[in-house]
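Spelled out, the chains give:
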Amino acid sequence: TDVEAILAKTVTIQDAVTVSGGVLKLLGDMMELSQNVNPTYTTLPSEDSMHECVFCEQLAGPLQTVGTVLDDGVGTALSAVRTGVDEVLSPANRQEMQTLLREAADPLVDFKVQVRDVFSSMLDGGTFDEIKVILDSYVEPGLLLFFFLALILFIFSCCSAGCWVLRETNADGTFSKQPHRLACCVWGCAPFVVFPVMLLGGLLTAGTSPLSGVCLIMADIDSQMLDSIGPAIGMNISGDEGVMLRGMVDSCIATKNESLNANFMDIIFTRDAVTGDKVYVREELVSSVQAPLDEAFAGLDEALSNGDVSISNNSDLVALRTALGRNPLDAFLLPDPNKMSNSADFQPMLGDSELQVVLQTSSRCDNHTVVGDVGSYSSGQTMLGMEHFVTKLESFGDQEVATGTCLKEVTCHSTLSASASAACDAGNKFVRLLRKLTETPDQIFRCDIFQDAGGSDCDPIDMVQGSDGQWDNDCLIVEGSEKVLKPKTRHCNLTEFVTYVQAFDQRIENVMARLDNATNTVMTSITGDMRTVIDNLILDPVVSIVDGLTCGFLPKVYRGVIDGLCYQGILGFRMIGASWVVVGFAVILLAIVMYALWRRAIDNVNGELAKSQA
């Protein structure tokens, strides 16, 4: 995919940051190591060197500052973006997101199934088809039949009444037989219309009562009611599924606020495997996908806005390199004041005004002028060498002949006072102590480096970039899915230790130049291409999914169903039933009137017939 291609193309920035951070960490570890800060001879019996590496202690602050510069730099921010994208798109994370979405879909499916099961009898297509067939085949023709019968009865009634009013007698003066015959047809046929119409109207009216109860339940449904009626209607409302179902009902159905657009992802949750706490799906998706990427790109934006893209020219880094490359460590390897004052062998020197300088005497032969600031030691400050101390010691005796070294003992004058003689003896012991520290082949210091994949020594000072753009001898080895630097323990003497520490100037220059090169190479790919792809293919779809799973439409639809089914459908059935009952009573009344008219008309005809027969 596009993202995987960009990740493969930008792996150089991650390697560069790993190497840069690893070299700084190695230097920091060596400067903090007690074996280097307070060296002790390892030969038996072990002996304390009585010295401390103040250079190691003074580098702590600058190293921490440079570490912060590296962490806040553009290169590290670019690497963080790449790492964040790689982690979000890792197979394990993608599988986790798929599992989460599947688990999130289960409650929605359960909600759909339970609602379908409860209302299936009312919403089943077969049931509606059967009802429609009955209505079309029997009810509608029957209603039409009864309508026409009632209409015929009404017409007959009108004809009977009209004949009775307008032509009660014939032209010859006899009573007409048409009124009572038509009236007889009306009241005689009325029962065949009244009974079916009244029965149908009564059934429709009676049937709306239980349906009205169902409508009341539907209109007032909420989580509390669901707890009460759920078991009766076969809904499973136990456990977390029940909690989510009740939440959906309250937020998506029972809410009276139609402007509330609840999100299913804020209702559906899973359980943390360790704590058992609820983890809502939206929260999980945002925290595992959107938040890491947003944080990484925000860090990159901040890094770009805060400073130069290049780190090699950073003033703090330049100051650190100056301190390392221009100031030999042995110029800052000084006697430990506490140990010297507590030692019976060296304490007499501290009381003598000439030899008190021992506490400022370094382990280097000649004096050294500090270049740049080294912690609390300012540029231009002089670090006294061993020759300066030996010169001070010469005032207590005759210097012995010694070649190849600046450390020369003296034969103390016999005329010295007891305190001066003790100071002279202490001075000679200090010379011998310095000679052992500086000239011994004992490897009492640690000069760790890295190792390659085969376990052999590897030093980034020899790192070079080939013509193909690949870096050789960068000491990176693959462990699992990552490239790492693996330190290797190495011991050294003082001379080697001084050279080793000074060489960190070159090591840092190499790794920071590589970091600047990688930063410039991948800048466009990450800030432009990767950000566009991430926005279009990951963040926007995830945000769209999360924000789109809303149920704001359901309350309105649900209320519309209730309005249509209850306030219109059931009310309509009730009004139809009532109308048929009214029709039935109207036919009964019509039959009574027609019976009275028939009685009057038939009696007139019968009376006239009896009179004529008499």
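Preceding this section is the structure that the text describes.
Parameters at a glance
Residues numbered from 1 in each chain as written. Predicted model: local features only at pLDDT ≥ 70, side-chain atom pairs only at ≥ 80, totals over all residues. Heavy atoms only, no water. Helix = DSSP H or I, 4+ residues; strand = E, 2+ residues; numbered from the N terminus. Polar contact = N/O pair within 3.5 Å; in protein donor to acceptor, adjacent residues only side chain to side chain. Contact = heavy atoms within 4.5 Å. Axes fitted to C-alpha atoms, helices over the stretch in contact; angles between N-to-C directions. Parallel < 35°, antiparallel > 145°, perpendicular 65-115°, else oblique. Left-handed = near helix turned anticlockwise from the far one by under 90°. Nonpolar A, V, L, I, M, F, W, Y, C, P; charged D, E, K, R; others polar. Disulfide = S-S within 2.5 Å. Buried < 20%, exposed > 50% of the residue type's maximum accessible area, 1.4 Å probe, protein only. Salt bridge = Lys/Arg side-chain N within 4 Å of Asp/Glu carboxyl O. Pairing = 2+ DSSP bridges. Patch = residues over 30% accessible without salt bridge, like charges linked within 9 Å, V, L, I, M, F, W, Y side chains within 5 Å. Areas by Shrake-Rupley, 256 points an atom, 1.4 Å probe, with all protein chains shown as cover. Lys, Arg positive; Asp, Glu negative; His and termini not counted. Charge placed at Lys NZ, Arg CZ, Asp CG, Glu CD. Phe/Tyr/Trp six-rings, centres within 6.5 Å; stacked < 30°, edge-to-face > 60°.

Caption draft 1: Up close: the side chain of Ser-176. Of note, Ser-176 is situated in the loop between helix H8 (125-166) and helix H9 (178-220). Of the polar contacts made by the side chain of Ser-176, one reaches the backbone nitrogen of Gln-178; its length is 3.3 Å. In contact with Ser-176, not counting residues within four places along its chain, are Arg-167, Glu-168, Thr-169, Asn-170 and Val-605.

Caption draft 2: Expanded view of the packing of helix H12 (residues 281-306) against helix H19 (residues 504-548). Two elements in contact, H12 and H19, have axes whose closest approach is 11 Å; the angle formed by their N-to-C orientations is 155°. In terms of their interaxial angle, H12 and H19 are classed as roughly antiparallel. The two elements H12 and H19 cross, and the hand of that crossing is left-handed. In this structure, H12 uses Arg-282, Leu-285, Val-289, Gln-290, Leu-293, Asp-294, Phe-297, Leu-300, Asp-301 and Leu-304 to contact H19, whose residues at the interface are Met-523, Ile-526, Thr-527, Arg-531, Ile-534, Ile-538, Leu-539, Val-542, Val-543, Val-546 and Asp-547. Classifying every residue of the contact of H12 with H19 by side-chain character gives 14 nonpolar, two polar and five charged.

Caption draft 3: Representation of the state of the cysteines within the structure. Evaluated as defined, the whole model comprises five disulfides. Paired through a disulfide, Cys-365 and Cys-406 show a sulfur-sulfur distance of 2.0 Å. Sign of the S-S torsion, about -80° for the bond between Cys-365 and Cys-406, identifies this disulfide as left-handed. Here the residue Cys-365 occupies a position in the loop between helix H15 (347-350) and strand S7 (368-369), and Cys-406 occupies one in the loop between strand S9 (397-399) and strand S10 (410-412), the gap between them amounting to 41 residues. Given the relative accessible area of 31%, Cys-365 is considered partly exposed. Cysteine Cys-185 is unpaired, with the sulfur of Cys-184 as its nearest cysteine sulfur at 6.0 Å.

Caption draft 4: Highlighting the pattern of salt bridges. This structure, assessed with the given rule, holds 18 salt bridges. Here Asp-505 and Arg-321 are joined by a salt bridge, their closest N and O atoms 2.6 Å apart. One end of the pair, Asp-505, is in helix H19; the other, Arg-321, is in helix H13 (residues 315-326), and 184 residues separate them in sequence. A single network of salt bridges, built from pairs that share partners, joins Arg-321, Asp-505 and Glu-509.

Caption draft 5: Representation of the sheet that holds strand S18 (residues 487-488). The sheet built from three strands is open, its strands ordered S13-S12-S18 with antiparallel pairing. The open sheet terminates on both sides in strands that have one partner only, identified here as strand S13 (457-458) and S18. For strand S12 (residues 449-451) and S13, the ladder comprises two bridges, and the chain directions are antiparallel. Bridged to Gln-451 within S13 is Asp-457.

Caption draft 6: Representation of the packing of helix H2 (residues 11-32) against helix H6 (residues 74-88). The contact between H2 and H6 brings their axes to 9 Å, and the two run at 125°. Taken together, the axes of H2 and H6 are oblique relative to one another. The interaxial crossing formed by H2 with H6 has left-handed handedness. On H6, the residues touching Val-11, Ile-13, Gln-14 and Val-17 of H2 are Gly-75, Thr-76, Leu-78, Ser-79, Arg-82 and Thr-83.

Caption draft 7: Here's a closer look at a negative patch on the surface. A contiguous patch of negative charge, built from Glu-103, Asp-106, Asp-110 and Glu-241, is present on the exposed surface. Of the residues forming the negative patch, the biggest block, three residues, is contributed by helix H7 (residues 91-123). Tracing the backbone through its elements, the reader meets Glu-103 in helix H7.

Caption draft 8: Expanded view of the packing of aromatic side chains. Across all of its chains, the model carries 11 aromatic pairs by this definition. When the centroid spacing of 5.1 Å and the interplanar angle of 75° are considered together, the rings of Phe-389 and Phe-430 count as edge-to-face. In this pair, Phe-389 sits in helix H16 (residues 386-393) while Phe-430 sits in helix H17 (residues 418-439), placing the two residues 41 residues apart along the sequence. Here Phe-389 matches Phe-430 in class, with each residue buried. The interplanar angle of 85° and the centroid separation of 5.2 Å between the aromatic rings of Tyr-500 and Phe-504 together place this pair among those described as edge-to-face. Per residue, the accessibility class of Tyr-500 equals that of Phe-504, and both read buried.

Caption draft 9: The pairing of strand S16 (residues 476-479), seen in detail. Here S16 runs beside strand S17 (residues 482-485); their pairing, made up of four bridges, is antiparallel. Looking at S17, one finds that Leu-476 is bridged to Leu-485. Taken together, S16 and the strand that follows it, S17, pair antiparallel across an intervening segment of two residues, in which Gly-480 is found at a positive phi of about 70°.

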